[in-house]
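Here are the chains, one letter per residue:
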Amino acid sequence: MEKVLEVRDLTIEFLIEERYHQAVQGVSFEIGEGETLGLVGESGCGKSVTSLALMRLLPVHTKVSGQVRFRGEDLLTVGEPKMRQIRGNEISMIFQEPMTSLNPVHRIGTQISESLILHRNLSASKARAQSIELLKLVGIPRAEQIVDEYPHQLSGGMRQRVMIAMAMACQPTVLIADEPTTALDVTIQAQILDLMRNLTAQNRMSTLLITHDLGVVAEMCDRVAVMYAGQIVEQGPVREIFRHPSHPYTIGLMNCIPKIAGERTRLVPIEGNVPSLQNMGTGCRFAPRCPQAMEVCKNEPQEYDVGTGHKSRCWLHAEAGVTSR
Amino acid sequence: MTEALLKVQDLVKYFPIHRGVFQHTVGHVKAVDGISFTVNRGETLGVVGESGCGKSTMGRSVLRLIEPTRGRVEFEGKDVLALNKQGMRIMRREMQIVFQDPYASLNPRFTIGQTLLEPMKIHHLHNPRERLQHVYRLLDRVGLAAEYARRFPHEFSGGQRQRVGIARALAVDPKLVILDEPVAALDVSVQSQVLNLLEDLQNELNLTFVFIAHDLSVVRHISDRVLVLYLGRMAEIADSEELFTHPLHPYTKALLSAIPVPDPDAKRERIILQGDLPSPANPPSGCPFHTRCPVAVDKCRQEVPVWREVQSGHHVACHLV
Amino acid sequence: MSLSESDIKQYQPFTPVPVNSKKRPFRSLREFPMLYVGGFLVLLLIVVALFAPLLAPHNPDAVFQNGLNANGTPIAPNGEFPFGTDSNGRDILSRVIYGSRVSLTVGVVSTVINLFIGVVVGLLSGYFGKWVDTVLMRAVDTILAFPFLLFAMALVAVLGPSLWNVLFAIGILGWGTMARVVRGQVLSLKEFDYVQAERALGASHARIMFRIILPNAIGPVIVLATLNVGMNMLTEAGLSFLGIGIQPPQASWGNMIQQGMNTYAFAPWTLWFPGLALVVAVLGFNMMGDGLRDLLDPHNATR
């Protein structure tokens, strides 16, 4: 499979009280053509920050190092004009909160047309016609009327469909979806996930799906990367991860979600709390909460192979040998 | 022996919609529209539904944080809605509430200790020495260290704050606790800690819970019985196992099928509902679910389905069952 | 769990434990320049007012034999009279210094009255809503509908001009904005779950309003009160300028400016110095208010 997006050693540092702290450290992953990669983790693990870094949308006073290779170019070093051509055109993004990510003072049609006019040089009337087509594509009824309405006139689910229409406008190669269904009710979430699955399959789009919901991952993704405290602790094909989770954090996550079917057993929580940026400590970042922590965990583990394309950042798997970079 | 602790009958809450210069009422948001259920001593009743189904309003109406439009709420045989101010004050020691948002539910200007002392001060419970001991007992019970008593809420994580919220509710030794989405704002690893804590507390203190949530797996995990709401009306109620294995109402079926299962090989027969939730200000005629129901017939558009018992303890409101 | 006496003493009121971080209680001048400059000017004003008898070179009301030129015009600033003299031959510096007492008293005391009425009205209105809100807010609309200065003039005219009547008139009329600000705060705060929790615990309305809501609403009120002091000082000066405020011979910046108007053409210092004092004082309070707003702004808080 051809690699569309390749992230190498991405490290992101934030300036907090006059010192730099690593929010994301040494993150590497790749997404193939037509592939959906799930980036899972709890709040503060760095998954959203990672996605913003790919789009170069991080605030100033942020240090970013590493590489983000897209079509042979490193997105972290290309000039801003070139980046503007890529954003919304080659790589587009869907955010969690559909109310705040649409501009309340512009009509739906105007907002969708904007990127068409900008990137495709369409005339206003052609862009409008295209917008209506896009609204139909994402399953919005009465598209001809909705195109002239304002965001506040739509429900949450409809707004998220509009967001998807905007992201799809220029038929991007890569779609980044940051918790696209978290703010929605389950029955609406089912609609949106269904829509996203169909659209990405039809257009062979590569998708980076950021979520905290393992259920969504199981349903949508081909491969998964699990993040904890700014690092990817485990990644591999989705079936592999769910059948044979290797890293103690992944195992912990799976054990602490209540099941919808089968026997009801007491949950096994992961004790303690996620460390804050300022006191990350040295060695394995999960060690303080890990039920299997050992002496060696005071040292920083590498990513080790535990199966085909399945890597775990845990000393338990060190015998398998360090993965070649 | 099951004994009813809380009985709710035909609870209704309409919020008036005001318009114009003279603020005349032009309609009502029918947030809760005729809900009846019983909660037995020591059990957990789960209440599920999507946004706008009235589950939160229902919880707050039972406690009279919102004054219900009509209906009857009985706690240990006493008519709660008929109580005067003094009677209600005493009743509040019996029924408590835990809120969803751990960031908004603690007073930012009180230390944790002050927050936990507050209920005892309000009800003039214990002497000062006993109060302090009680604060420490409460902190210990919810798994927080004693020195946290002198810290402010902003120094804590969401999970720790939620523990404080639970401790505050327990400070007056209530019999019933209404948990309004208590884990919705928490990360999964912390969510499981809080769910376990709630189970332990229920066993130790013989508490009765009304657990309001939108997450069905959480509700299944913690509840003995589950009530499903849709647009302010009851759709279905049954024992937890029964409801999750044999749902009868088409809405319950759709809801259950919509949950993403954390298993890539799980077989899915997904029922994807068309359209959006109707507005509770203008609910559909007949069965409120008919606009999205995959099996609706003409009768559903005209007649409101009756609430009837299909099997022992399994009630449903649907013409087609 | 058993507790020793010392435990109980130590934790008695659950006073906050000091957090050992590098947080500086006083933020830098660079971060909040307005607050520091404004605060300095206000402090200066307070010191001048407090120590007026020590700072003033002369008796402010004394008419000096050598206080006028041979042709009866005021004397320009010199060594003996640093700010010059006025048309009666009195020392302007001493009068400006003593005038600060009037300005500060009126500004602060009338603001306290404003605060008291505004907070109570705003709290009741926002908390109880419904008809209480309707009645009180219509009262606020009414009071804000009148031009403030005219209203104050009318009231002082009825009561008779004196320091205390000026202060009372400004205090009793100037609380409208305060009430609105408090009401807005209460409206948003009362929906917070911690207020709902207090209700669920059975706390009385008074307890919820004064112990829970008020302390959380106080930030913007402090900002407004600080700005209000400056405004009330201006109103006092206005009333005195029009001759219905502080009565001569007592020195007030307002009546000094009025008197200065007559001699401005040939003795401009008679107008300049009281005017400058007024500008500096009002500017001080306004800058301090703006600075406080920046400081209390949650976007600036590094909690």
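One numbering rule holds for all chains: residues counted from 1, following each sequence as written. Whichever chain is written first is A, and whichever ligand is written first is 1; the rest continue in order. pLDDT decides what is reported in this predicted model: residues at 70 or higher carry local features, side-chain atom pairs at 80 or more are listed and counted, and totals for whole chains, interfaces and linings draw on all residues regardless. Calculated side-chain values reflect all of the structure's heavy atoms, with hydrogen atoms and water omitted.

Q: Looking at this structure, I do not really get the pattern of salt bridges. What am I missing?
A: Side chains that carry opposite charge are capable of pairing whenever their charged atoms lie near each other. Just to be clear on terms, a salt bridge is a Lys or Arg side-chain nitrogen sitting within 4 Å of an Asp or Glu carboxyl oxygen. Considering all chains together, one arrives at 51 salt bridges over all chains under this definition. Residues Glu149(A) and Arg142(A) are paired through a salt bridge, measuring 4.0 Å at the closest nitrogen-oxygen approach. Of the charged contacts, one joins Arg72(B) and Asp79(B) as a salt bridge, the two residues approaching to 3.1 Å between their closest N and O atoms. Of the residues examined, Arg72(B) reaches a relative accessible area of 32% and is grouped as partly exposed. One connected set of salt bridges, linked through shared partners, spans Glu3(B), Arg41(B), Glu76(B), Glu94(B) and Lys175(B). Throughout, exposure labels follow a simple rule: accessible area from a 1.4 Å probe, protein chains only, divided by the maximum for the residue type, with under 20% read as buried, over 50% as exposed, and the rest as partly exposed.

Q: Would you mind going over the confidence of the model for chain C with me for this structure?
A: Predicted coordinates in regions of low pLDDT should not be interpreted in detail. All names here are of chain C. Across chain C, the average pLDDT comes to 85, with 88% of residues at 70 or higher. Residue-level confidence of the predictor, termed pLDDT, takes values from 0 up to 100. Residue contacts are defined here by distance: any two heavy atoms, one from each residue, within 4.5 Å place the two residues in contact. Scored below 50 in pLDDT, residues 6–12 makes 10 contacts in the model with residues more than four places away or belonging to other chains. Of the regions scoring below 50 in pLDDT, residues 19–25 engages in 4 contacts with residues more than four places distant in sequence or in other chains.

Q: Can you walk me through the interface of chain C and chain B in this structure?
A: Interfaces are often described in size by the accessible area the parts lose on coming together. Listed by partner, the interface residues are 32 residues for chain C and 44 residues for chain B. In total, chain C and chain B occlude about 3500 Å² of area from one another, counting both sides; carbon and sulfur atoms represent 58% of this. Linking chain C with chain B are 3 salt bridges, by the criterion used here. With a closest N to O distance of 3.5 Å, Arg60(B) and Asp193(C) form a salt bridge. In protein, a polar contact means a hydrogen-donor-capable atom and an acceptor-capable atom, both N or O and within 3.5 Å, with residues adjacent in sequence counting only if both atoms are side-chain atoms; elsewhere, any N or O pair within 3.5 Å suffices. Connecting chain C to chain B are 12 residue pairs in polar contact (both at pLDDT 80 or more). Strands are runs of DSSP state E lasting at least 2 residues, helices are runs of H or I lasting at least 4, and numbering of each runs from the N terminus. Residue assignment for the side of chain C that touches chain B shows that the elements contributing at least two residues are helix H1 (5–11), helix H9 (193–200) and helix H10 (205–241) of chain C. The element that contributes the greatest number of residues to the side of chain C that touches chain B is H9(C), accounting for 7 residues. Each of two parts loses accessible area, computed with a 1.4 Å probe, when they are put together; buried area is these two losses added.

Q: Would you explain the packing of H10(C) against helix H11 (residues 253–263) of chain C in this entry?
A: All names here are of chain C. Interaxial angle, 0 to 180 degrees, is taken between N-to-C directions of lines fitted to C-alpha atoms, where a helix line uses only the stretch in contact. One way to put it is that H10 packs onto H11 with a least axis distance of 7 Å and a crossing angle of 45 degrees. On the basis of the axis angle, H10 is oblique to H11. You can see that H10 and H11 cross each other, and the crossing is right-handed. Every residue of H11 that contacts H10 at Met 233, Ala 237, Ser 240 and Phe 241 is listed here: Trp 253, Gly 254, Asn 255, Ile 257, Gln 258 and Met 261. The classification used treats Ala, Val, Leu, Ile, Met, Phe, Trp, Tyr, Cys and Pro as nonpolar, Asp, Glu, Lys and Arg as charged, and all other residues, Gly among them, as polar. Its residues assigned to classes, the contact of H10 with H11 comprises 6 nonpolar, 4 polar and no charged. When describing relative orientation, an angle under 35 degrees is termed roughly parallel and one over 145 degrees roughly antiparallel, while 65 to 115 degrees is termed roughly perpendicular and anything else oblique. Two helices cross in a left-handed way if the nearer one is turned anticlockwise from the farther one by less than a right angle. They cross in a right-handed way if the turn is clockwise.

Q: When you look at helix H3 (residues 108–120) of chain A in this model, what are you seeing that I'm missing?
A: Structural remark: α-helix, 3.6 residues per turn; residues separated by three or four positions point the same way. Residue and element names in this part refer to chain A. One fewer than the residue count of a helix, multiplied by 1.5 Å, yields its expected span. Helix length check: H3, at 13 residues, gives a terminal C-alpha distance of 18 Å against a target of 18 Å (1.5 Å per residue), a fit within 8%. Among all positions of H3, only Ile 108, Gly 109, Gln 111, Ile 112, Ser 113, Ser 115, Leu 116 and His 119 are buried. In this fold, the buried residues of H3 make contact with helix H2 (80–86), helix H4 (124–137), helix H5 (143–146) and helix H6 (156–168). Looking one or two residues beyond H3, the residue adopting positive phi is Asn 121, at roughly 55 degrees.

Q: What should I look at first to understand the nonpolar core in this one?
A: Soluble globular proteins tend to bury their nonpolar side chains together. Ranked by internal contacts, the top residues of the largest apolar core, which has 86 residues, are Ile166(B) and Phe211(B). Looking at this core, the element that brings in the most residues is H10(C), giving 9 residues. Discounting chain neighbours no more than four positions away, the residues touching Phe211(B) are Thr44(B), Leu45(B), Gly46(B), Val47(B), Leu179(B), Pro182(B), Val183(B), Leu195(B), Leu198(B), Val218(B), Val219(B) and Ile222(B). By convention a nonpolar core is built from buried Ala, Val, Leu, Ile, Met, Phe, Trp, Tyr and Cys residues, the set being connected through side-chain atoms within 4.5 Å. Grouped together as the second largest cluster of nonpolar side chains are 63 residues, Ile108(A), Val138(A), Ala169(A) and Cys297(A) included.

Q: What should I look at first to understand the interface of chain B and chain A in this one?
A: The interface is formed by 44 residues belonging to chain B together with 42 residues belonging to chain A. Summing the contributions of chain B and of chain A, the shared interface buries around 3700 Å²; its carbon and sulfur component is 52%. Linking chain B with chain A are 7 salt bridges, by the criterion used here. Between Arg264(A) and Glu241(B) there is a salt bridge whose closest N-O contact spans 3.4 Å. Linking chain B to chain A there are 22 residue pairs in polar contact (both at pLDDT 80 or more). Secondary-structure elements contributing two or more residues to the side of chain B that touches chain A are helix H6 (188–205), helix H7 (216–222), helix H8 (240–245) and helix H9 (250–258) of chain B.

Q: Is there a simple way to explain the side chain of Ser240(C) in this structure?
A: All names here are of chain C. Within the secondary structure, Ser 240 sits in helix H10. Among the polar contacts listed, one links the side chain of Ser 240 to the backbone nitrogen of Ile 246, at a separation of 3.1 Å. Engagement of the side chain of Ser 240 in a polar contact is seen with the side chain of Ser 252, the distance being 3.3 Å. With near-sequence residues (within four places) excluded, Ser 240 lies in contact with Gly 245, Ile 246, Ser 252, Gly 254 and Asn 255.

Q: I'm lost on a nonpolar patch on the surface in this one. Help?
A: Residue and element names in this part refer to chain C. Like-charged residues within 9 Å of one another, or nonpolar side chains (Val, Leu, Ile, Met, Phe, Trp, Tyr) within 5 Å, are grouped into patches, provided each residue has over 30% relative accessible area and no salt bridge. The Shrake-Rupley method, run with a 1.4 Å probe sphere, supplies the accessible areas, and residue values consider only the shown protein chains as cover. Judged by side-chain polarity, Leu 43, Ile 46, Val 47, Leu 50, Phe 51, Leu 54 and Leu 55 come together as a nonpolar surface patch covering roughly 680 Å² of accessible area. Among the secondary structure elements, those contributing two or more residues to the nonpolar patch are helix H2 (33–50) and helix H3 (52–55). Counting residues per element, the nonpolar patch draws most heavily on H2, which supplies 4 residues. Examined against the element boundaries, Leu 43 turns out to sit in helix H2.

Q: It is not clear to me how the pairing of strand E6 (residues 95–98) of chain B should be interpreted in this structure. Could you clarify?
A: On a regular strand, each side chain points to the face opposite its neighbour's, so the side chains alternate between the two faces of the sheet. Residue and element names in this part refer to chain B. Burial of the side chains of E6 extends over both faces: Met 95 and Ile 97 are buried on one face and Gln 96 and Val 98 on the other. Here, a strand pair is defined by DSSP locating no fewer than two bridges between the strands. Bridging between E6 and strand E7 (residues 176–180) involves 4 bridges; their strand directions are parallel. Bridge assignment links Ile 97 to a residue of E7, and that residue is Ile 178.

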